[in-house]
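# Inside the fold
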Amino acid sequence: MTRAMYQDVFPNELSLWTRRGATLLDVREPQEYAQGHVPGSLNVPLGELLGRLGEIRGPVVTVCASGSRAALAAEVLGYEGFAEVGRLLGGIQGYARHGYPLAGRLAPAEAACS
């Protein structure tokens, strides 16, 4: 069994990462990102990740709708040499459920699901 190359980050821990200068990397598609995202996050769709690694600075926390694409992105970043990688547990859905504000067009309760 392979050990995960990232750690799960609970919504209430995200601010600890951002205070340390972490990049919040939202790997959803642009239309999903526009519906609501963590303020200050960088949108790099999962399919473009390998071609855009130069835009990303560590530490990194990956974000998606529910956590599965973020887990894959976090694994990729680990294999590509990023030393400190986290995945937002529960994704945007979990973040919004905990009452944290989203930037974008929709209110947190209406955040797009996928």
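Residues numbered from 1 in each chain as written. Predicted model: local features only at pLDDT ≥ 70, side-chain atom pairs only at ≥ 80, totals over all residues. Heavy atoms only, no water.

### Examining the pattern of salt bridges
For the coordinates displayed, the defined rule picks out 6 salt bridges. As a salt-bridge pair, Glu32 and Arg69 come within 2.9 Å of each other at their nearest N and O atoms. With a gap of 37 residues between them, Glu32 in helix α2 (residues 30-35) and Arg69 in helix α3 (residues 68-79) connect regions that are remote in the sequence. Its relative accessible area of 14% is what places Glu32 among the buried residues. Taken together, the shared-partner salt bridges connect Glu48, Arg52 and Glu55 into one network. (Salt bridge = Lys/Arg side-chain N within 4 Å of Asp/Glu carboxyl O. Helix = DSSP H or I, 4+ residues; strand = E, 2+ residues; numbered from the N terminus. Buried < 20%, exposed > 50% of the residue type's maximum accessible area, 1.4 Å probe, protein only.)

### Considering the sheet that holds strand β2 (residues 23-26)
One open sheet accounts for 5 strands, arranged β1-β5-β4-β2-β3; its pairing is parallel. The two strands at the open ends of the sheet, each matched to only one other strand, are β1 (7-9) and β3 (42-43). Alignment of β2 against β3, held across 2 bridges, turns out to be parallel. Within β3, the residue paired with Asp26 across the bridge is Asn43. (Pairing = 2+ DSSP bridges.)

### Some details on the nonpolar core
Across soluble globular proteins, you tend to see nonpolar side chains buried next to one another. Grouped together as the largest cluster of nonpolar side chains are 14 residues, with contacts concentrated most on Leu25, Leu49, Leu53, Ile56, Val60, Leu77 and Phe82. No other element matches the 4 residues that α3 contributes to this core. The next biggest cluster of nonpolar side chains, apart from the first, holds 13 residues, and it includes Val9, Leu88, Ile92 and Tyr95. (Core = buried A, V, L, I, M, F, W, Y, C linked by side-chain atoms within 4.5 Å.)

### Observations regarding the pairing of strand β4 (residues 60-63)
Residue alternation in β4 divides its side chains into two sets, Val60 and Thr62 and Val61 and Val63, and both sets are buried. As judged from the 4 bridges shared by β2 and β4, these two strands associate in the parallel manner. By the bridge assignment for β4, Thr23 is matched with Val60. Strand direction decides the pairing type here: β4 and strand β5 (residues 85-88), joined by 3 bridges, are parallel.

### Digging into the environment of Leu72
Here Leu72 lies in helix α3. Taking the C-alpha atoms as reference points, Leu72 and Arg87, separated by 15 residues in sequence, lie 9.3 Å from one another.

### With respect to α3
Because the α-helix completes a turn every 3.6 residues, residues three or four places apart line up on one side. Between its first and last C-alpha atoms α3 spans 17 Å; for 12 residues at 1.5 Å apiece the expected length is 16 Å, and the two agree. Listing the buried residues of α3 in full gives Ala70, Ala71, Ala73, Ala74, Glu75, Leu77 and Gly78. Looking at the buried residues of α3, the elements they touch are β2, β4 and β5. Where α3 ends, the next residue or the one after it, Gly81, has phi of about 100°, a positive value. (Expected span 1.5 Å × (residues − 1). Contact = heavy atoms within 4.5 Å.)

### Some details on unusual backbone geometry
For the peptide bond that leads from Gly58 to Pro59, omega is -5°, which places it in the cis range. Within the secondary structure layout, Pro59 lies in the loop between β3 and β4.

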